[in-house]
Amino acid sequence: MIAPEMTPFPVSPSTVGAPRHEVFRLPAERAAVSDARRRVRSWLTCQQVSEDARDMAQLVISELFTNAVVHTDSSSIACVLQAIPGQLRIEVRDQGGSATRPTPRDAAAGDESGRGLLLVESLADTWGVVLGERGQGRTVWAALPAHSA
């Protein structure tokens with residue numbers, strides 16, 4: 001389900017369940033996607049999130065980060081991870097100048113790309129996009145089920 005008008009998840013200690021969070025910034029380069037996946041897995045392991053949830057989160061961060069690299073003119077990309085009881089929240093914030101919203105599309109059988117947001121949509125409980133002020137940047141976020149290891 002896409003919720004385009006929702007705002008990104010707040011990183012705030014006052015949120016119910018006192019979320020644990022991690023924020024990191026990487027260069028907007030294809031080579032940084034693997035670093036984003038490693039950081040997600042490492043942090044979620046420390047948070048004692050189940051292996052299935054870690055795997056799903058790695059797929060989601062990989063797709064969202066790759067989209068930000070490929071479809072924006074960003075120089076860096078920020079990632080925000082939050083773990084609250086039963087849920088993992090992921091945000092990918094780019095600096096792109098386009099006012100368009102990322103949307104899932106139907107890729108043809110022979111296409112080598114174009115299925116990332118469909119994958120995110122199938123794994124996430126919900127996800128959405130928030131455009132930055134004055135058309136600068138956007139935040140794509142997803143909420144995933146997360147169970148303790």
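Predicted model, so just to flag it, every value in this text is computed and none were measured.

Cut-off values and rules
Residues numbered from 1 in each chain as written. Predicted model: local features only at pLDDT ≥ 70, side-chain atom pairs only at ≥ 80, totals over all residues. Heavy atoms only, no water. Helix = DSSP H or I, 4+ residues; strand = E, 2+ residues; numbered from the N terminus. Buried < 20%, exposed > 50% of the residue type's maximum accessible area, 1.4 Å probe, protein only. Contact = heavy atoms within 4.5 Å. Axes fitted to C-alpha atoms, helices over the stretch in contact; angles between N-to-C directions. Left-handed = near helix turned anticlockwise from the far one by under 90°. Nonpolar A, V, L, I, M, F, W, Y, C, P; charged D, E, K, R; others polar. Pairing = 2+ DSSP bridges.

(A) Spotlight on the environment of D125. Note that D125 resides in the loop between helix 3 (116–123) and strand 4 (126–131). Judged by its relative accessible area of 45%, D125 falls in the partly exposed class. Setting aside anything within four residues of it in sequence, one finds D125 in contact with Q87, A143, L144 and P145.

(B) Spotlight on the packing of helix 2 (residues 51–71) against helix 3. Between helix 2 and helix 3, whose axes approach to 9 Å, the crossing angle comes to 145°. Considering the relative orientation of helix 2 and helix 3, their crossing is left-handed. Packed against helix 2, whose contacting residues are M56, L59, V60, E63, L64 and N67, the element helix 3 presents G116, L117, L119, V120 and L123 at the interface. For the contact of helix 2 with helix 3, the residue count by class is eight nonpolar, two polar and one charged.

(C) Region of the structure containing the sheet that holds strand 1 (residues 20–27). A sheet is described by the order of its strands in space; here five strands give the open sequence 1-2-3-5-4, paired in antiparallel fashion. Of all strands in the sheet, those with a lone pairing partner are strand 1 and strand 4, marking the two edges. Going across the sheet, the axis of each strand differs from the next one's by a mean of 15°, ignoring polarity. Summarising the sheet, strand 3 (residues 87–94) and strand 5 (residues 138–145) pair through eight bridges and their orientation is antiparallel. Residue L88 lies in a different strand from strand 5, and its bridge partner there is L144.

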